[in-house]
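# Structure at a glance
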Amino acid sequence: MSGMELDKSKQIHMSPGLRRQTSAEIVSEARRSLRTLATQRPCTPQEKHRQLFGESSSRAHDGRPPSAFSLHGRHFEVPDSRPGSGTRLSPLEHKPRLSVSLDEYGGDNEATLPKPPAERGNTRIGSGGSRARLLRAASIHQLPFMTPHTKNMSLEARIEVDQPDDREKLHYANVTEHKTKSSSETSLHTLIKHSRIPQTDVSTERESKPEARLRYGDPRDDNMDESVFWNTKVLPVLQEFESFASGDGVSDEIVGQLCNSCNGLHDALAERDMLGRQCKKRSAILRTLFRLIDVGSDRLNLTLAKLILALNVSGNNLLNICKLVFKISRNASNDVMFLTDSILDSLLCQLQCEDVWSKGEAVLYCVGSLKLLSGNSAISSLLLAKDFIGTLLQLSKRLMHGPFTTSVNLTTPRSEGEGQGVIAGHILVQVTAALRNIADQSESRPSFLSNKAFFTLCLILENHRNDLDICINVARIFSKLSTYTECCHALAETPRCCSLFLALLGKHSRKQDLVVRLLFTLGNLTSKSIEARERVYEEEGGIDVLLDLFQAYQETLSSSEQCHAPEKEDILVKLIRLLANLAIHPTVGTALAANSLCVQLLLELLGCRCVKKSEELVINAVATINNLSYYQGESSVVRSQHTHISQLLLKLLLSSSMDAVLEATRVFGNLSQIRDVRHFIMQHKVEQFVVTLLDSKTPDVCFSACGVLINLSADPDNRAALRVEGTIQKLIDCLRDFGPQDWHLAAVVCQTLWNCSLDGELQHSQKLLEILQLYTDRGALQWPSDDGVRQVQEACWELLFLPVAERLRQRLHTEDTTGIFR
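Note that the structure is predicted; figures quoted are calculated from it, not measured. (Residues numbered from 1 in each chain as written. Predicted model: local features only at pLDDT ≥ 70, side-chain atom pairs only at ≥ 80, totals over all residues. Heavy atoms only, no water.)

Looking only at helices and strands, one finds 42 helices and 2 strands in the chain. Out of the 822 residues in the chain, the part that is buried amounts to 53%. Contacts in the chain between residues at least 24 apart in sequence constitute 75% of all its contacts with a sequence separation of at least 6. Accessible area for the chain stands at about 38,000 Å²; split by element, carbon and sulfur atoms hold 50% of it. (Helix = DSSP H or I, 4+ residues; strand = E, 2+ residues; numbered from the N terminus. Buried < 20%, exposed > 50% of the residue type's maximum accessible area, 1.4 Å probe, protein only. Contact = heavy atoms within 4.5 Å. Areas by Shrake-Rupley, 256 points an atom, 1.4 Å probe, with all protein chains shown as cover.)

Further remarks concern the side chain of Arg436. Assignment of secondary structure puts Arg436 in helix H19 (residues 414-438). Take Arg436: its relative accessible area is 11%, and that puts it in the buried class. Engagement of the side chain of Arg436 in a polar contact is seen with the side chain of Asn473, the distance being 3.0 Å. (Polar contact = N/O pair within 3.5 Å; in protein donor to acceptor, adjacent residues only side chain to side chain.)

Turning our attention to the packing of helix H33 (residues 642-653) against helix H34 (residues 658-671). Following both chains from N to C, one finds H33 and H34 inclined at 150 degrees, their axes separated by 8 Å at the closest point. In terms of orientation, H33 lies roughly antiparallel with respect to H34. Remark: the crossing between H33 and H34 carries left-handed chirality. Residue-level inspection shows Ile645, Ser646, Leu649, Leu652 and Leu653 of H33 in contact with H34, the latter providing Ala660, Val661, Ala664, Thr665, Val667, Phe668 and Leu671. Its residues assigned to classes, the contact of H33 with H34 shows 10 nonpolar, 2 polar and no charged. (Axes fitted to C-alpha atoms, helices over the stretch in contact; angles between N-to-C directions. Parallel < 35°, antiparallel > 145°, perpendicular 65-115°, else oblique. Left-handed = near helix turned anticlockwise from the far one by under 90°. Nonpolar A, V, L, I, M, F, W, Y, C, P; charged D, E, K, R; others polar.)

As a rule of thumb, nonpolar side chains are buried together in soluble globular proteins. Core analysis: the biggest nonpolar cluster contains 226 residues, and Leu269, Ile285, Leu435, Leu525, Leu546, Leu735 and Phe801 have the highest contact counts within it. What Leu269 contacts, discounting residues up to four positions off in sequence, is Phe229, Val234, Met274, Leu275, Ile285, Leu307 and Leu311. (Core = buried A, V, L, I, M, F, W, Y, C linked by side-chain atoms within 4.5 Å.)

Here Leu519 is to be found in helix H25 (residues 512-528). Given the relative accessible area of 0%, Leu519 is considered buried. Separated by 55 residues in sequence, Leu519 and Lys574 have C-alpha atoms that sit 5.7 Å apart. Among residues more than four places away in sequence, those in contact with Leu519 are Leu505, Leu546, Ile571, Lys574, Leu575 and Leu578.

Once that is clear, we can look at unusual backbone geometry. Residues apart from glycine generally show negative phi values, whereas peptide bonds are mostly found in trans. One non-glycine residue with positive phi stands out, namely Asp273, at about 55 degrees. The residue Asp273 is located in the loop between helix H10 (252-271) and helix H11 (282-292) in this model.

This part covers the pattern of salt bridges. Summed over all chains, the structure comprises 18 salt bridges. The shortest N-O distance in the salt bridge between Asp570 and Lys574 comes to 2.6 Å. Here the residue Asp570 and the residue Lys574 both occupy positions in helix H28 (residues 565-582), the gap between them amounting to 4 residues, near one helical turn. The exposure class of Asp570 is partly exposed, given its relative accessible area of 22%. Looking at Lys574, the relative accessible area reads 2%, which means it is buried. (Salt bridge = Lys/Arg side-chain N within 4 Å of Asp/Glu carboxyl O.)

Looking now at the state of the cysteines. Applying the stated criterion across every chain yields a total of 0 disulfides. For the unlinked cysteine Cys458, the closest cysteine sulfur is that of Cys497, found at 5.5 Å. Not engaged in a disulfide, the cysteine Cys498 finds its nearest cysteine sulfur in Cys497; these two sulfurs lie 4.0 Å apart. (Disulfide = S-S within 2.5 Å.)

One pass over the structure, following the stated rule, counts 8 aromatic pairs. When the ring of Phe478 is compared with that of Phe501, the centres are 5.6 Å apart and the planes differ by 55 degrees; the resulting orientation is tilted. Here the residue Phe478 occupies a position in helix H22 (residues 468-481), and Phe501 occupies one in helix H24 (residues 497-507), the gap between them amounting to 23 residues. Assessed through its relative accessible area of 1%, Phe478 is described here as buried. (Phe/Tyr/Trp six-rings, centres within 6.5 Å; stacked < 30°, edge-to-face > 60°.)

In this model H25 runs 25 Å from its N-terminal to its C-terminal C-alpha over 17 residues, within 8% of the 24 Å that 1.5 Å per residue would give. Of all 17 residues making up H25, 14 are buried, and the element is well covered by its neighbours. (Expected span 1.5 Å × (residues − 1).)

Chain-level pLDDT for the chain is 78 on average; 71% of the residues reach the 70-or-more range. Taken as a whole, residues 160-220 scores under 50 in pLDDT and shows 90 contacts with residues more than four places along the chain or in a different chain. (pLDDT = per-residue confidence, 0-100.)

On to the environment of Ala714, then. Tracing the backbone shows Ala714 in the loop between helix H37 (699-712) and helix H38 (716-724). Residues Ala714 and Asn755, spaced 41 residues apart in sequence, show a C-alpha to C-alpha distance of 6.0 Å. Not counting residues up to four positions away in its chain, the partners in contact with Ala714 are Arg719 and Asn755.

A few words on the side chain of Thr526. Inspection of the secondary structure assignment puts Thr526 in helix H25. A distance of 2.8 Å separates a polar atom in the side chain of Thr526 from the backbone oxygen of Leu522. There is a polar contact of 3.2 Å between the side chain of Thr526 and the backbone oxygen of Gly523. Not counting residues within four places of it along the chain, the set of residues in contact with Thr526 comprises Ala532, Arg533, Val536, Leu578, Asn581 and Leu582.

With that out of the way, let us pick up helix H30 (residues 596-608). Structural remark: α-helix, 3.6 residues per turn; residues separated by three or four positions point the same way. Along its 13 residues, H30 runs 18 Å from first to last C-alpha, staying within 8% of the 18 Å computed at 1.5 Å per residue. Of all the positions in H30, only Cys598, Val599, Leu601, Leu602, Leu603, Leu605 and Leu606 are classed as buried. Close packing links the buried residues of H30 with helix H27 (542-558), H28, helix H29 (586-593), helix H31 (615-629), helix H32 (637-640) and H33.

The next point concerns the packing of helix H15 (residues 343-351) against helix H16 (residues 360-373). The contact between H15 and H16 brings their axes to 9 Å, and the two run at 135 degrees. As judged from the angle between their axes, H15 and H16 are oblique. Every pair of crossing elements has a handedness; the one defined by H15 and H16 is left-handed. Along its contact with H15, which presents Leu344, Leu347, Leu348, Gln350 and Leu351, the element H16 presents Val363, Cys366, Val367, Leu370 and Leu373.

Our next topic: the environment of Lys327. Considering the arrangement of structural elements, one finds Lys327 in helix H13 (residues 315-329). Residues Lys327 and Asp298, spaced 29 residues apart in sequence, show a C-alpha to C-alpha distance of 9.0 Å.

Structure follows, in structure tokens:
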């Protein structure tokens, strides 16, 4: 059931930022009988399953990225396993004692045995000199693929194969291969104990040896220090990880230990500034981390994902790790893990990259994970604190200015450009769905406003108006936020938003879940913004779009096919409410009242729908007719159809719905200015029913009844019949009960009493005189303490009530002293 708000009542609760109205403006609005209509926001259905695209998605299943997949360690690639140049190495002619591994920056095809480092002054310039320096650095960035020769080696033995020249590291880490494999339950301390890692304090040793102090700051000394760090901080952790084979049954306790070890490794690398691609032995770390994924623990995998992302993986590895996080986020029971870990920061960092196109599908799964998680209120609050809305909006702008639209990529093949556009659309579906979820949080509104989200969202709609998934998500955001005054005004001020909404209504007129939300949003805008009413009316073909929708959905609702009838009826509720709000504007209201199709559709609806089954729909239709009946010029179709309308209203007065009765009475209040309508009311004894409404304890009902009685009492023939019904006593009771609360109602009651006294006799005049003497004394009245409310009441008392009350009091005083009326 819809709620109605009087223009006069909404002025009481004024926003501090709005301009305070003058007394004349308050009275001008109070005298009008036009009202905006409110209705419930369309319900956003909860997705049954967490997935990239909902069950109602318009995307074909075979043409979109999957939500379900399997991931194992074998799907990841060990990075930098051969030179970055992509050139394969030539086989060695003789077998050296140790194999040689190229650094990730080496691109030389010549395979030679390691040579002692040359002096600085004799260093060769060119590829050979570069190679010598790289070999001296003893990087272990590459690990060889598993071969029969290295298959059964321990971790440290495989690293030795990759590091043939690192003599100094072998001095500090003389680790021998264990003959038997450690069990998965072996702890970190046990592994360190058996590895015979020196426990000497390097800093103390350096200070005690003069030669060490002399060489302090030498690159070779840094290599030695890094080697000690590797063997004391990193290698034991990797050994612990290596002890867990795929398929092992691992207890929660061991998973917790592994997670702690991962976090410790992350912190140690961060402290040494070795995250990203800074660590020379990054490949060895990643190889081991990838193997741990096969343990199959969501908790461990999430911890691994944070560390792997921190090591700045790219390409297929980045895609797979984002898919792994997405897979974990699909299970709502895992949400608590995202609350206690900094993985959210890692995901947000992926969205802040400038070159989003190089990560394409990885970004898709990353945003998809955040979309699923944003449905959790606790996580959404955490995301808001991390400027989640701003990050998503910036990502949207980059997606809408993709590389295939720039001059640099004019030579990009058409198929590649189209592919990027498809990925951009998929990502924007996730972005807008995440914003839709976050809009449910009341604390999100300041962020939407400060980031100028409405402009960006309208731009997304403009560029992707053919993508129904994106359109529906954005429409849901607008339908949620436009229910709040500050957001409603911000959206109304967004250029071309009304034009865009009307264009989408015409383009996707059969897409019910989109249509109902756009109509609801437009209804909110036109209920609060004069400019919005003007823009909808002035848009070429805008009113025609609305009336075409009205006609199409009314015909389908009236047909024998009742499939989705509630959804179609809800569309009509929102559409008619929009027409009622538009009619508040004098220009628009006059045009709609003169539009025969608009009035005809409203009357047809009243004729075929009953209040019992479609209460809100019928009430909104009557309220719209009431607003249109305010404009009674010669062109008004409402005025020319007054007889038909009166017959329809008579049926509503007999209904059991008090709201329907109230709306019908309001229409009679306007139409009763027509003499034929007054005759219809008296002929059908409608005045008896209207008089009984004065007994209502609701000011709005009494106000509407007085509107009818004022016009009826203007005819001398009707006054006697009204007095017989006890109208005078009931009016005096209304004045006594509601006067101090509603001076506008009190003024209407006094005007009705004045009309009833025009032919001489007025019952209960002494009682009425006492009330008027009290109410016309400003000093005897108690005013509200709130300044805004007091201003409204004082204005209505002084400009509406006091003039008519003084006239009526003087008439009663004259009767009291002379016994006659003048």
